[in-house]
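# Examining the three-dimensional arrangement
Single-letter residue listing:
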Amino acid sequence: MNIKTNIIRLKETDSTNRWLANYTPQQGEEMTVVVADYQTSGRGQGVNTWESESGKNLLFSILIHPSMIPLHRQFLLSEAGAIALKSVLDRYTGDIALKWPNDVYWKDKKLSGTLIQNTISQHHIMNCIYGIGINVNQMIFKSDAPNPVSLAQILGRGIDREHLLQQIVEAFEKSLEMIENGDYVDLTAMYYSSLYRQKGYYTYRDKDGDFEGAIVEVEDDGHLILHDRDGKIRSYAFKEVEFVF
């Protein structure tokens, strides 16, 4: 199966996610990728922004049309995107893990973040946009982000951003094929086995304070299930619990 992909390159835009949200794909276009050298309003989760020095990192968004996925399984899209990124970054360095729900970590530092926006129509997902930032060649981070790291910092050398982008596009095409083939169980297993802090007890923080917990699973709807030291099972949606470093 060959995925028809269109790659669009911009020097600068406010947000590649916003650009794609106003884009109409060509006939038969299954995946659209928009990459910008610089984003004036690059977004992270919630009110966060993504720090990026112009021309140093990869800032891009990917639009797909996964109408085959039922609403209650939409977290599969998060899993598929995270797995695609990890599969490529694994080629560059070890110690890559997926921090729930879809950040990519190297050891205890954040290498990549993804913002996912779904458009729903008649109980199905009409469009899914992945807004992705990967720290590639930036050597100094000036924002108050607590733990950023770039590939160049890890490897001690610069990385060809265009080659890296091509590798990621190919990996996303493979993940999309898995979704279209209904390989949901395999996707979820790959995601779970790649989770950051997947084994052992670590400190977490919810609205009631800090506690130690171990990951049990991530449910189909994306809820993180933790087992605390007192034997209690805790279930969290995104933003209801945070990792404590």
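Our focus in this paragraph is the overall build of the protein. Of the regular secondary structure elements, the protein holds five helices and twelve strands. Computed over its C-alpha atoms, the radius of gyration of the protein comes to 18 Å, within 12% of the 18 Å expected for a compact globule of 245 residues. Its C-alpha atoms give the protein principal-axis dimensions of about 55 × 45 × 30 Å. Residues counted as buried form 49% of the 245 residues belonging to the protein. Just so you have it, the protein exposes about 11900 Å², and 47% of that area is on carbon and sulfur atoms. For the protein, the separation between the mean place of its 25 positive charges and that of its 33 negative charges on side chains is 5 Å.

Let us now look at the pattern of salt bridges. Where charged atoms from two side chains of opposite charge approach closely, those side chains can pair. Inspection of the entire model under this criterion finds 14 salt bridges. The salt bridge involving D220 is made with R73; its shortest N-O contact spans 3.6 Å. In this pair, D220 sits in the loop between β9 (209-218) and β10 (224-228) while R73 sits in the loop between β3 (58-64) and α2 (75-89), placing the two residues 147 residues apart along the sequence. Across the salt bridge formed by D103 and K99, the nearest N and O atoms sit 3.9 Å from each other. By relative accessible area, which is 12% here, K99 ends up buried. The structure contains a network of salt bridges with shared partners spanning K11, D37 and R161.

Attention shifts here to the sheet that holds β3. Adjacent strands of a sheet pair through backbone hydrogen bonds, lying either parallel or antiparallel. One open sheet accounts for seven strands, arranged β1-β2-β3-β7-β6-β5-β4; its pairing is mixed. Of all the strands in the sheet, just β1 (5-13) and β4 (96-99) have a single pairing partner and so form its edges. Adjacent strand axes in the sheet meet at a mean angle of 20° when their direction is disregarded. The pairing of β3 with strand β7 (residues 124-134) spans seven bridges and is classified as antiparallel. If you follow L59 over to β7, its bridge partner there is G133. Sheet strands touched by α2: β3, β4, β5 (103-106), β6 (109-121) and β7. Its angle to β7, the strand with the most contacts, is close to 30°. Contacts between helix α4 (residues 161-180) and the sheet are confined to β1, β2 (31-39), β3 and β7, with β3 contributing the most and set at about 25° to the helix.

Bringing the sheet that holds strand β8 (residues 202-206) into the picture now. Judged by pairing direction, the sheet is antiparallel, and its five strands sit side by side in the order β11-β10-β9-β8-β12 without closing on themselves. Among the strands making up the open sheet, the edge pair consists of β11 (233-236) and β12 (242-243).

All right, on to the packing of α2 against α4 then. Here α2 crosses α4 at 140°, and the two axes come no closer than 8 Å. In terms of orientation, α2 lies oblique with respect to α4. The two elements α2 and α4 cross, and the hand of that crossing is right-handed. Side by side, α2 and α4 meet where L77, A80, G81, A84, L85, S87 and V88 of the first sit next to L164, Q167, I168, A171, F172, S175 and I179 of the second.

A few words on the side chain of S15. By the element assignment, S15 lies in the loop between β1 and α1 (16-21). Only 3.3 Å separates the side chain of S15 from the backbone nitrogen of N17, close enough to count as a polar contact.

Below, the discussion takes up the pairing of β1. Here eight bridges tie β1 to β2, and the two strands are oriented parallel to one another. Among the inter-strand pairings, N6 is bridged to a residue of β2, identified as T32. Each parallel crossover has a hand, and for β1 linked through α1 to β2 it is right-handed.

Thresholds applied
Residues numbered from 1 in each chain as written. Predicted model: local features only at pLDDT ≥ 70, side-chain atom pairs only at ≥ 80, totals over all residues. Heavy atoms only, no water. Helix = DSSP H or I, 4+ residues; strand = E, 2+ residues; numbered from the N terminus. Rg over C-alpha atoms; globule rule 2.2 N^0.38 Å. Buried < 20%, exposed > 50% of the residue type's maximum accessible area, 1.4 Å probe, protein only. Areas by Shrake-Rupley, 256 points an atom, 1.4 Å probe, with all protein chains shown as cover. Lys, Arg positive; Asp, Glu negative; His and termini not counted. Charge placed at Lys NZ, Arg CZ, Asp CG, Glu CD. Salt bridge = Lys/Arg side-chain N within 4 Å of Asp/Glu carboxyl O. Pairing = 2+ DSSP bridges. Axes fitted to C-alpha atoms, helices over the stretch in contact; angles between N-to-C directions. Contact = heavy atoms within 4.5 Å. Parallel < 35°, antiparallel > 145°, perpendicular 65-115°, else oblique. Left-handed = near helix turned anticlockwise from the far one by under 90°. Polar contact = N/O pair within 3.5 Å; in protein donor to acceptor, adjacent residues only side chain to side chain. Right-handed = clockwise from strand over helix to strand, strands pointing away.

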